[in-house]
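Architecture and fold: a report
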Amino acid sequence: MSLPDELRAVLGELRLHSRAPIATGGLGMHASRNRGAGLEFAQYRGYQPGDEPRHIDWKLFARSDRYFVREAEFDSQLTVWIVIDASASMGQADQARSALRKLDAAKLLALAVMELALRQGDLFGLVVLANDSVDFIAAAAGPRQRDRCLLALDRMQPAGNLPGAEALRPLWEKIQAGSLVVMFSDGFDDGWTELSCRLASARREVRCIHLSSAEERDFPFKGGLHFRDPESGVEIQVDAARARAGFLERFGKAREALRKRLQAAGIAQVEHVLDRPLVEPLRYLFGGPRSRDDVR
């Protein structure tokens, strides 16, 4: 598995960022709450015993006859968590483009996020939710971490259901406050929405990419249809012409309800349809700083 040229070409335009200052240390590209002899000026404070004389601003001393120390903000590492819904419904693809399933698109977009984190010197980790279980790769930095995550992406296959609340409990310890959480799902499971909102309410910055097929958007079918839910096994038969209007109305209302719920939680979100260029959701979410209200 490798990053497509269309995604690699836009990485220079994108930046992973957090709206809140970062409280951790390390060398990265992000504003931090940590102050000291860092890189970018933050403030002056009065000299205290133990301060190094080289940090005294002697020009200010000449004007005020008082000793002041220059403090700066460190550039810190952002911790990025990539959370992927790999339940059975993510195995869906369009008939016209059967080689690209929802999960395949999620993998490629996730890999692009990892490459961005790698370029920025940030920490990144991977969480896979499928088969009623949670699989973690702990957050770390560097090319070896990217390779570990890439192997996990290669092995990942859609299966089963999302795990329940008890299985998700370790998330609250591993994904710490202040982390950027990028979530990939088709958004069909209420448990997924609840997880997204709970992470956001616990001071994790959450951004969601929801994946849909063109067939869900357009319902282009004709004649008699046989549908089977890959997770519950429920099967139904419908006449396409009669079912189309009702399906599109219900699907649109469900997507709008999901959008409003995540927006109320302050979660930046975008929907990606499989027949659209993969660069679009990345440009929308990471093309520049966005306000809490700038979501769709």
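Per chain, the residues get numbers from 1 upward, laid out in the order the sequence is written. Thresholds applied to this predicted model are a pLDDT of at least 70 for local features of residues and 80 or more for the giving and counting of side-chain atom pairs; totals over whole chains, interfaces and linings are not thresholded and use all residues. Side-chain numbers come from the whole structure's heavy atoms, not from hydrogens or water.

Remarks on the overall build of the protein
When helices and strands are counted, the protein shows 10 helices and 13 strands. Exposed residues in this analysis have more than 50% of their type's maximum accessible area, buried residues have under 20%, and partly exposed residues fall in between, with area computed by a 1.4 Å probe over protein chains only. Residues counted as buried form 46% of the 296 residues belonging to the protein. By definition, residues are in contact when any of their heavy atoms lie within 4.5 Å. Residue pairs in contact within the protein that sit at least 24 positions apart in sequence constitute 73% of those at least 6 positions apart. With residues, only the protein chains shown are counted as cover, and all accessible areas are computed by Shrake-Rupley using a 1.4 Å probe. Split by element, the accessible area of the protein, about 15100 Å² in all, is 50% carbon and sulfur. Only DSSP runs of H or I with at least four residues qualify as helices, and only runs of E with at least two residues qualify as strands; both kinds are numbered from the N terminus onward.

Topic: the packing of aromatic side chains
A pair of Phe, Tyr and Trp rings is counted when the ring centres sit within 6.5 Å of each other, with Trp represented by its six-membered ring. The angle between the planes then sorts it: under 30 degrees is stacked, over 60 is edge-to-face, the rest tilted. Within this structure, the stated rule accounts for 8 aromatic pairs. With a centroid separation of 6.3 Å and 40° between ring planes, the pair formed by F219 and F227 is classed as tilted. On the accessibility criterion, F219 (4% relative accessible area) is buried. Between F221 and F227, the aromatic rings sit 5.9 Å apart at their centres with planes inclined by 75°, giving edge-to-face as the arrangement. Judged by relative accessible area, F227 falls into the partly exposed class, the value being 31%. Every member of this aromatic cluster is reached through a ring pair, and the members are F188, F219, F221, F227, F247 and F251.

Things to note about the state of the cysteines
Counting rule for disulfides: a pair of cysteine sulfur atoms within 2.5 Å. With the rule as written, the count across this model stands at 0 disulfides. Not part of a disulfide, C208 finds its nearest cysteine sulfur in C197, a span of 8.0 Å. Judged by its relative accessible area of 0%, C208 is buried.

So, helix α9 (residues 240-264)
The span you would expect from a helix comes to 1.5 Å times its residue count less one. Look at α9: 35 Å from first C-alpha to last across 25 residues, which is about the 36 Å you get at 1.5 Å a residue. All buried positions along α9 are accounted for by A240, A243, G246, F251, R255, L258 and L262. Looking at the packing, one finds that the buried side of α9 touches α7 (190-201), β10 (205-212), α8 (214-218), β11 (224-228), β12 (235-239) and β13 (268-273).

Describing the nonpolar core
Inside soluble globular proteins, nonpolar side chains tend to come together where they are buried. The term nonpolar core refers to a set of buried residues drawn from Ala, Val, Leu, Ile, Met, Phe, Trp, Tyr and Cys, joined through side-chain atoms within 4.5 Å. Counting residues in hydrophobic clusters, the biggest one holds 49 residues, and the most contacted among them are L16, I84, V113, L126, F184 and F286. The element that contributes the greatest number of residues to this core is helix α3 (residues 102-120), accounting for 12 residues. Core analysis: the second largest hydrophobic core is formed by 22 residues, W81, V127, L199 and C208 among them.

Looking at the pairing of strand β8 (residues 133-140)
The pairing criterion for strands is at least two bridges between them, as found by DSSP. Pairing of strand β7 (residues 123-130) with β8 involves 6 bridges; the strand directions are antiparallel. Residue pairing in the sheet places V128 in a bridge with D135 of β8. Here β7 folds back onto β8, and the loop between the two strands holds 2 residues, one of which, N131, carries a positive phi near 55°.

Digging into the packing of α3 against helix α10 (residues 279-286)
Lines are fitted to the C-alpha atoms to define the axes, a helix being fitted only along its stretch in contact, and any angle between axes, read from their N-to-C directions, falls within 0 to 180 degrees. Two elements in contact, α3 and α10, have axes whose closest approach is 10 Å; the angle formed by their N-to-C orientations is 40°. On the basis of the axis angle, α3 is oblique to α10. Where α3 crosses over α10, the handedness of that crossing is right-handed. Here α3 contributes L109, A112 and V113 to the contact with α10, which in turn contributes P281, L282 and F286. Any residue outside Ala, Val, Leu, Ile, Met, Phe, Trp, Tyr, Cys, Pro, Asp, Glu, Lys and Arg is labelled polar, Gly included; the first ten of those are nonpolar and the last four are charged. Residues belonging to the contact of α3 with α10 are distributed by class as follows: 6 nonpolar, no polar and no charged. Roughly parallel means an angle under 35 degrees; roughly antiparallel, over 145; roughly perpendicular, 65 to 115; everything else is oblique. Rotating anticlockwise by less than a right angle from the far helix to the near helix defines a left-handed crossing, while the corresponding clockwise rotation defines a right-handed one.

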